Amino acid sequence: MSFLPSELILCVLENGYYTPWWDNPTGTPNYKLLKACALVCRTWSGPAQSLIFRSVINIHAYNIHQFLAALLSSAARGRALGDCVRMLEISMSAGRRIGCSEDDFVNLLLACPQVYLLQLNVSGKLELEEKTLKKLKVAGRRLKALKLFFWERQPPISPYLFWMWPNIEFLHIGSDGPLVLVDARELAQRKGVELCLYELQLTRYAPPEAIACLLASSANSLRILDLEWHLTERDIDIIAPHAPHLRSLRISCGDSHPAPLKLLRMCTALEELVSWVFKSLSRQLVLYGMPERSPLAPHLAPTIECFKLSFTNSSRQGFSLKLQAVMGVVDALPNLRVVTCKKYPQQELVGYASDLQVFKAKCRVKGVEVVISELPSWCEDPVKTHRRKPGKLLTAVKVV
């Protein structure tokens, strides 16, 4: 194994990086396999360890000191491991019940200078001291992606989180309840958040004013928009200026809500179409539900080249009906080249295999390639891409 070419080693690690989605659907790295690969030989040890430390998750008050000790153990080895970290997930809470302290948070970011994706899981209102904000501004200067998860019914989101890191291009905000932006008077004076966002994802309802605030400086940069609720006419009016530039739109769509169909007609530059998934690839259309009585095809941009298909929790009859609806979309898209299907375990295909075979045959007649994808679609790194083979995810060894 020590004489195996490095390209083959990377292929092995790349294909085994993510835990199989039917074992762990969150798309987390397969740390058990990577640790085993690191013990194969010295040639494998370095690349495997770099991938083990590439994504550091679930850091909280009970383990942050152990992790910091590993990074600060030696100037050479500790710094090398800290430089491998690209994605960092850390928990913080009011009163420091289970969350990390402000000082530990700053020290961790300083020890991982190459982090480009920071995920903060916040319990309670996040209040940081002025001296902490100044240190975080320096420690997080390389950040490009920020994920905020608030475990509150109506989380107060302080704008300084966005102003502190002006280079953020990928912003995901989730919570247990509707999103509330605080300091409305200060927001009005600044005329919105000064971020040139490439992607904005909101998993809970946000008032139109909050959407307008977050997109205030993103008129020429926004390409991916993910809003997981039924949009109103007022929401559409705010999003409309961004619609012609969007390459990925993820919205809830149904027969009883005409506003999303109006927005679909405005999006003339979409490149990929995805249906019935929870997270997805870049540059595509994702529908959280699909209208059955209202034809969808007339509202779609003819520029769409790739369609990703994923069905969950469907009966045999429901599965067949969904395939028929999807086939109607496939027939209507003139530039469609690839349909990507999720790879299912054999036990889940019982009763569905014949329908899938008919679907594949119809796609082949039209000249559309059917690709079976094993990786979950939300495992893509938050980095900008230009054009790549449809259905191919960014790999674990992507260096940013």
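Residues numbered from 1 in each chain as written. Predicted model: local features only at pLDDT ≥ 70, side-chain atom pairs only at ≥ 80, totals over all residues. Heavy atoms only, no water.

The name an unreviewed UniProt entry gives the chain is F-box domain-containing protein, with Rhizopogon vinicolor AM-OR11-026 as the organism.

(A) Main features of helix α14 (residues 353-366). The end-to-end C-alpha distance of α14, which contains 14 residues, comes to 20 Å, matching closely the 20 Å that a straight helix rising 1.5 Å per residue would cover. Buried residues of α14: Asp-355, Leu-356, Phe-359 and Cys-363, and no others. Buried residues of α14, seen end-on, are gathered within an arc of 95 degrees and therefore sit on one face of the element. Set apart from the buried face of α14 by more than 90 degrees, the exposed residues are Arg-364 and Val-365. At the C-terminal side of α14, Gly-367 shows a positive phi close to 85 degrees. (Helix = DSSP H or I, 4+ residues; strand = E, 2+ residues; numbered from the N terminus. Expected span 1.5 Å × (residues − 1). Buried < 20%, exposed > 50% of the residue type's maximum accessible area, 1.4 Å probe, protein only. Arc of directions from axis to C-beta.)

(B) Looking closely at the pattern of salt bridges. Within the structure shown, the criterion is met by six salt bridges. A salt bridge links Lys-131 to Glu-129, with the shortest nitrogen-to-oxygen separation between them at 3.9 Å. Taking relative accessible area as the criterion, Lys-131 reaches 52% and is therefore assigned exposed. Taken together, the shared-partner salt bridges in this structure form one network comprising Glu-199, Asp-226 and Arg-250. (Salt bridge = Lys/Arg side-chain N within 4 Å of Asp/Glu carboxyl O.)

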